[in-house]
Each structure stands twice: as C-alpha cells, then as structure tokens.
Amino acid sequence: MNSIFIDCSLGISGDMLASAFLDLGVPRSIFLDNLVGLRIDKNYKLKFNEEVREGIKGIVCTNNKIEFEELSRSLNDIKNLLLESSLNDYVKKESIRAFEILAEAEAVVHGNEISDVHFHELGSIDSILDIVNVCSAIDFLKPDKIYFSNPPSGKGIVSTMHGLLPVPVPTVLEIARQKNITLIGLDDKYFGEITTPTGIALIATFVDQFAQPDNINIKKIGIGLGSKNITRPNFLRVLLIDENDDCIENNKPYYETIISQEAWIDDSTPEDVAILIERLRSAGAIDVICYSVDMKKNRKGICIKAIVQLKHQSLLREVWFNYSTTIGLRENKISRWILPRRTFVHNTKFGEVNVKQVMRPNGKISIKIEHRDLTQITLKTGIPIDEIRQKLFIELSEFYELDNWS
C-alpha cells in the first residue's frame, strides 16, 4: 500500500509542498500543463530550481512574471476560473475544496458572508497555482493514505494587505480551530510566518491522519525548500512509503501497531454489555473480550477490552461513549506480529463456506473453516460437525498449495 507522509514540522506553504512533490518525482510537465490549463498569461514563468540552503539540498519554487496589477478575487471568481479550465475533475474538485476552506475561515475572521469574501494575497495567481500544483501531484501519485505531522504555529508579526498581523495570522488560527488541527510550538529564534494559510488549507484538504507511520518502507524522499532565507534549515519533506506490503509478499510475519481500548463498568446489566460488545464488533473492532473485575466499594464489575485498527479508533470511541454507561476510556498503542492471511468463499458439496488461509513461517499453509458455516451445515444435514470438517478439509486440500497472496 503506497502512502505519503508529509513532515511539515519546520513549516508549510503551498510552494514548499509543490516543490517537495517535484523533488519526489512528480513530472515537471504536470505543473507546466497547469499554466496552460488555467490559461495563465504566457509571460508568467514558473521555475523550480535545485539549491542548497543551510546545508539542505532541495527544490525551491520561484516565479518570474511581468508586472501587472492583480485584482482581488472572490470565491466564485476562483471557482469559475477552475471550472472553466482544462484541468481534470479531481484537480478541480480538490482545488475548489481548498479555497472553500480558506473562504470559510476568512468569512469568520472578517465577519462577512462567504459570498462576500475577497482574497487578496490568497487570490493571486501564485496561490492558485500552488494549490492546483499540489492537487495535481497528489492526483498523479494516488496515495492510499496521506499522513501529516502537526504544523508549527510560528511567532512574531507579519505585514499583510490588512496591515500588521500577529503570527499565526487569524486565517491560519481559524482553519486550525474549524478543522481541529493542533498547532505545535517550535523552539525557534525565527520570528515570522512558517505555516501559511495556503499550507494549512492544503493540510485540511488532504489529511487522513496526523501521525508519523510506525512502520514504513521508504521508497522516495522529496525536499521542498522555503523561499525565505532564515538562520536555520527551512524545508518540508514528503516521504513516499510502502506500508507492510512487501512483508506479505515474502510470506513472513509482519509487524503492526493497533489500539487497545478498555473500560471497567459496574452499572450495566449483562444484556446491555452483550449489546455493547456486538456494537463494538460491528463498528470495526478486531476483537472484544470481557471478564469480571473487583472494583471500588467491593463492587463486581466487568472489564471490556477492544482491539482496533488505527483507522477505526475514533469510530469505536463514539460507540463507547454513546452506547455504554462508561464516562472514561483507556487507550494504549500496542504492537503485534501477524501471519499473512486471506479469506475466500469456496463452493463445496455442502454449499458455500467461508475459509481463512494462513501462511506459516516455514512456508506451510493452514486453513480454517468458518465455524458458523459448519454449524449451519450440521443443523441442516444432521451430520456430526467433526465429520463435516474432515470432508471439507479433503475437498479444500488443493488450496494448500496456492502461492498467490496478492
């Protein structure tokens, strides 16, 4: 599974992210085609140069355009510009989404309706191209998942079309609030903006998870340099990663991080607990167990534990708090090793059965028939379940030798 990790711990802007994607291997022609697709003035020159700054080599984006006065653009102006372009539908949709995020924040900051918002710096050709280029790069790479580190807040004061503003500027703060993005304080001597509105809008548009993947196989690294020369490295990096796929291909156990969720309950009936366990499993829990515990005031309670994939963590948290009496939940990251496995449905003389096939470290394959299917067959035919299992094992023996685990 190909994923992307965007490490923006030193800062993020649209041009830095576009530059990092170019360094990662996105063809330069895609960005140049965007100039044509958006029908931008032919004298506008977009340049990406390889440079070394503060000891870090990467790509920096510069533009060389003729001098002309750019009018402020409304959200509808930008939507029309994008919709009337020859960009593909994905790039149009995601670019519009990024500008809608910016417009929603600007409307709150300035006390306007979204339809009355006019972008100044954010509506410039530079900003439009930065967003379109990033959307085009992600469309080209088609990652299964996009991770971000939390962006830094920055500090100081910057000069804008609205005058002097504190850092983070109000639009960045509002997007962080609306999209629940945690800004990280950076122990930095630099005073100035290091997370731009365009940068955080792109985070809000594409983020699947704020985390560094626990287990990654790095395929490529792209470095995007910031245009500001400051007294420390100023760059963003994009990692193209392969999450565990090669482990399965090699028929070896593979390692993953999952979440353990746990609550102790002493004020629910066994019937209520049974329903909660079923809800947790239906919401995506890998497994759920429960056992009795002695709680405070000598009460007999029940400890309920669920293990869950990271992507289902928030959903199960909602189940705990909405469908149980608990007012607290313990969560821990836990690690496990897993043998490669796959499931399939096989037609047998008894009908369709669900089968799990597992590859052992010594290369041998074992299979397990879904017990629910065995139960249905024995109730239907009257044949003892052990006899059914043995007959199905013989019939399924040909699958022991299958080696295609894709």
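Placed above this text is the structure.
Criteria and thresholds
Residues numbered from 1 in each chain as written. Predicted model: local features only at pLDDT ≥ 70, side-chain atom pairs only at ≥ 80, totals over all residues. Heavy atoms only, no water. Pairing = 2+ DSSP bridges. Helix = DSSP H or I, 4+ residues; strand = E, 2+ residues; numbered from the N terminus. Axes fitted to C-alpha atoms, helices over the stretch in contact; angles between N-to-C directions. Contact = heavy atoms within 4.5 Å. Core = buried A, V, L, I, M, F, W, Y, C linked by side-chain atoms within 4.5 Å. Buried < 20%, exposed > 50% of the residue type's maximum accessible area, 1.4 Å probe, protein only. Salt bridge = Lys/Arg side-chain N within 4 Å of Asp/Glu carboxyl O. Left-handed = near helix turned anticlockwise from the far one by under 90°. Nonpolar A, V, L, I, M, F, W, Y, C, P; charged D, E, K, R; others polar. Phe/Tyr/Trp six-rings, centres within 6.5 Å; stacked < 30°, edge-to-face > 60°. Lys NZ or Arg CZ within 6 Å of the ring centre and 35° of its normal. Parallel < 35°, antiparallel > 145°, perpendicular 65-115°, else oblique.

Strands sit in the order β13-β14-β12-β15 across an open sheet of 4 strands; the sheet is antiparallel. One side of each edge strand has no neighbouring strand; the edge strands of this open sheet are β13 (287-294) and β15 (330-338). When strand polarity is set aside, the average angle formed by the axes of neighbouring strands in this sheet is 25 degrees. Relative to strand β14 (residues 300-308), strand β12 (residues 254-265) is paired through 7 bridges, and the arrangement is antiparallel. Counted as the bridge partner of W264 is C303 from β14. In the packing of helix α10 (residues 313-323) onto the sheet, contacts are made with β12, β14 and β15, and the angle to β12 comes to roughly 10 degrees.

In this section: the nonpolar core. Across soluble globular proteins, nonpolar side chains show a tendency to be buried alongside one another. Counting residues in hydrophobic clusters, the biggest one holds 64 residues, and the most contacted among them are I6, L17, F21, F99, L236 and V238. Once you skip the residues sitting within four places of it in the chain, L236 turns out to touch I6, D7, C8, G11, I12, M16, L17, A20, G222, I223 and G224. Ranked by size, the runner-up nonpolar core spans 16 residues in total, among them I265, V288, L316 and W320.

Bringing the pattern of salt bridges into the picture now. Counted according to the given criterion, the structure contains 17 salt bridges. One salt bridge connects E262 with K305, and the closest N-O pair in it is separated by 3.9 Å. One end of the pair, E262, is in strand β12; the other, K305, is in strand β14, and 43 residues separate them in sequence. Residue E262 is classed as buried on the basis of its relative accessible area of 14%. Residue class for K305 comes out partly exposed when judged on its relative accessible area of 28%. A salt bridge links R330 to E262, with the shortest nitrogen-to-oxygen separation between them at 3.8 Å. Here E262 lies in strand β12 and R330 lies in strand β15, a separation of 68 residues in the sequence. A relative accessible area of 42% places R330 in the partly exposed class. The network of salt bridges with common partners includes K93, E94 and R97.

This paragraph deals with the packing of helix α11 (residues 371-381) against helix α12 (residues 385-395). α12 packs onto α11 with a crossing angle of 115 degrees between their chain directions and a minimal axis gap of 9 Å. With respect to the hand of their crossing, α11 and α12 are arranged in right-handed fashion. Only I385, I388, R389 and L392 of α12 make contact with α11, whose side of the interface consists of H371, L374, T375, I377, T378 and T381. Residue classes in the contact of α11 with α12 are distributed as 5 nonpolar, 4 polar and 1 charged.

Another point: the packing of aromatic side chains. The description of an aromatic ring pair uses the distance of the two centres, along with the angle that the planes make with each other. Counted by the stated rule, this structure contains 1 aromatic pair. Residues F31 and F48 carry aromatic rings whose centres are separated by 5.4 Å and whose planes lie at 40 degrees to one another, so their mutual orientation is tilted. Here F31, found in helix α2 (residues 28-37), pairs with F48, found in strand β2 (residues 45-53); they are 17 residues apart in sequence, far enough to count as distant. Each member of the pair, F31 together with F48, is buried. The aromatic ring of Y323 is capped on one face by R279, whose charged end is 3.9 Å from the ring centroid.

Now for the sheet that holds strand β16 (residues 341-348). The antiparallel open sheet is built from 3 strands, whose spatial order is β16-β17-β18. Whereas interior strands pair on both sides, the edge strands pair on one side only; in this sheet they are β16 and β18 (365-369). In this sheet, adjacent strand axes meet at a mean angle of 30 degrees when their direction is disregarded. Relative to strand β17 (residues 351-359), β16 runs antiparallel, the two being bridged by 8 bridges. Paired with V345 across the bridge in β17 is N354. Its contacts with the sheet put α12 on β16, β17 and β18, and the angle it makes with β18 is roughly 140 degrees.

At a minimum axis distance of 10 Å, the contact between helix α3 (residues 75-83) and helix α4 (residues 89-110) shows a crossing angle of 170 degrees. On the basis of the axis angle, α3 is roughly antiparallel to α4. Contacts between α3 and α4 pair L75, I78, K79, L82 and L83 from the former with K92, S95, I96, F99, E100 and A103 from the latter. For the contact of α3 with α4, the residue count by class is 7 nonpolar, 1 polar and 3 charged.

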